[in-house]
Amino acid sequence: MSLTDFRALGRSGLVVSPLCLGTMTFGPGEWGADEAASREIFDAYRDAGGNFVDTADIYSGGVSEELVGKFIRETGSRDEIVLATKFGFNASSRPLTGTAGGGGNPHAGGAGSKNVHRALDASLRRLGTDYVDLYWMHIWDGVTPVDEIVQTLGDLVRAGKIRHYAFSDMPAWVAMKAATIASERRVPGPIAMQVEYSLVAREVEAEHFPAAHEGGMGVMPWSPLAGGFLTGKYKRDDTADTGRLSGANPFGNSKFTERNWTILDTLREVAGELDCTPAQAALAWTMSRPGVASTLVGARTVAQIEGNLVAASLRLTDDQVNRLNMASTPTPGFTSSLGSPAIRSMLYGGHGVTGWGE
């Protein structure tokens, strides 16, 4: 496999590389890359044949979108690149007029129609284009009716301002309801879901993966290296000052569990057999999972992105996959138990039955 072994993203005609360039690092910030470094990363990905670039309106306060748009224009690659960006997180910083205690504009965030139109127009200006290929709802706001989200994003598809849309970080039922509404009304529906997924974060296999399969959505993992944990740079006896998991970040030190250290031990064994890094083996495992369409990879340096891209050429043996699967098997929840072999045996008179798509 290589970056040019394209895959359809969900039930759509949008074909993407198995590794997607995530650009959260493009721009200023503690974990950011300046313009020169960002351009090197972009060029390395493109030189390897990659065609899928993912950004968001909040990355580096909009600078990521500006840099991505600039690089695409300068390389004349707009027609070749699948360009994705996101909306959802609040963009306002100044207090509302007339408020006593301050607070940003509530209509500068969320998935309501008013904000979606505002956010897209702002993203298009920063990107310097008149359409995006894929527009992500960055996170479910818990308020906007799913009907409104489908209507708003479907209208934008029909208007030509976006080609497709998808959901990130939402309950499985939200994505499934949107897919069902779209199917019944014969209107554009979501083609993908973006969720945290890695060897140490497999909980989404219980609800999200089946929903994606049933609703025609490709799964797009973010943080396939678990915030850097699966690179192997952290040590059991010293987890301080070595990367993202050491400071203020959404993960905190949540990855430092005995179960995860055991998974990492198995990953190191497999990487040694493949003569690759643990990160490359972890990415190869993620890309090989049923339902995964494209996996997000980010980098702060060109060396990091070049190392990650090697994963596209790796092949795990059945034995290696089984060992990684066994080491990382998630704790079964209520939903998972419903489809267990024991339950099916009870239902089907003592016979084992395999469901469609399994």
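Look up: the structure comes first, before these words.
This structure is a prediction, so every number in the text was calculated from the model and none was measured.

## Regarding the overall build of the chain
Secondary structure summary: the chain contains 12 helices and 10 strands in total. For a compact globule of 358 residues, the expected C-alpha radius of gyration is about 21 Å, and the chain comes in at 21 Å, within 12% of that figure. If one aligns the C-alpha atoms of the chain with their principal axes, the spans along those axes are about 60 × 50 × 45 Å. The long-range share in the chain, meaning contacts at least 24 apart out of those at least 6 apart in sequence, stands at 74%. A total accessible area of about 16,200 Å² is found for the chain, and carbon and sulfur atoms account for 54% of it.

## Examining a negative patch on the surface
Taken together, Asp34, Glu40, Asp47 and Glu306 make up a surface patch of like negative charges. Residue placement: Asp47 occurs in helix 1 (residues 35-47).

## Side note on the pattern of salt bridges
Evaluated as defined, the whole model comprises 19 salt bridges. Linking Glu74 and Arg39 is a salt bridge whose minimum nitrogen-to-oxygen distance equals 2.5 Å. Of this pair, Glu74 sits in helix 2 (residues 63-75) while Arg39 sits in helix 1, and the two are 35 residues apart along the sequence. Between Asp319 and Arg323 there is a salt bridge whose closest N-O contact spans 2.9 Å. You can see Asp319 and its partner Arg323 sitting in helix 10 (residues 318-328), 4 residues apart, about one turn around the helix. Connected through shared salt-bridge partners, Arg236, Glu258, Asp265 and Arg268 make up one network.

## Some remarks on the nonpolar core
Counting residues in hydrophobic clusters, the biggest one holds 101 residues, and the most contacted among them are Leu9, Phe52, Tyr135, Leu153, Ile162, Phe167 and Leu230. Filtering out sequence-adjacent residues up to four positions away, Phe52 remains in contact with Leu9, Val16, Ser17, Cys20, Leu21, Tyr45, Val82, Ala84, Leu134, Met220 and Ser294.

## Let's talk about the pairing of strand 3 (residues 19-22)
Of the two faces of strand 3, the one holding Leu19 and Leu21 and the one holding Cys20 and Gly22 are both buried throughout. Relative to strand 10 (residues 295-297), strand 3 is paired through 3 bridges, and the arrangement is parallel. Within strand 10, the residue paired with Cys20 across the bridge is Leu296. Relative to strand 4 (residues 52-54), strand 3 runs parallel, the two being bridged by 2 bridges. Paired with Gly22 across the strands is Asp54, a residue of strand 4. You can see the chain leave strand 3, run along helix 1 and come back into strand 4, and the turn it takes is right-handed.

Thresholds applied
Residues numbered from 1 in each chain as written. Predicted model: local features only at pLDDT ≥ 70, side-chain atom pairs only at ≥ 80, totals over all residues. Heavy atoms only, no water. Helix = DSSP H or I, 4+ residues; strand = E, 2+ residues; numbered from the N terminus. Rg over C-alpha atoms; globule rule 2.2 N^0.38 Å. Contact = heavy atoms within 4.5 Å. Areas by Shrake-Rupley, 256 points an atom, 1.4 Å probe, with all protein chains shown as cover. Patch = residues over 30% accessible without salt bridge, like charges linked within 9 Å, V, L, I, M, F, W, Y side chains within 5 Å. Salt bridge = Lys/Arg side-chain N within 4 Å of Asp/Glu carboxyl O. Lys, Arg positive; Asp, Glu negative; His and termini not counted. Charge placed at Lys NZ, Arg CZ, Asp CG, Glu CD. Core = buried A, V, L, I, M, F, W, Y, C linked by side-chain atoms within 4.5 Å. Buried < 20%, exposed > 50% of the residue type's maximum accessible area, 1.4 Å probe, protein only. Pairing = 2+ DSSP bridges. Right-handed = clockwise from strand over helix to strand, strands pointing away.

So yeah, pure geometry; function would need other evidence.
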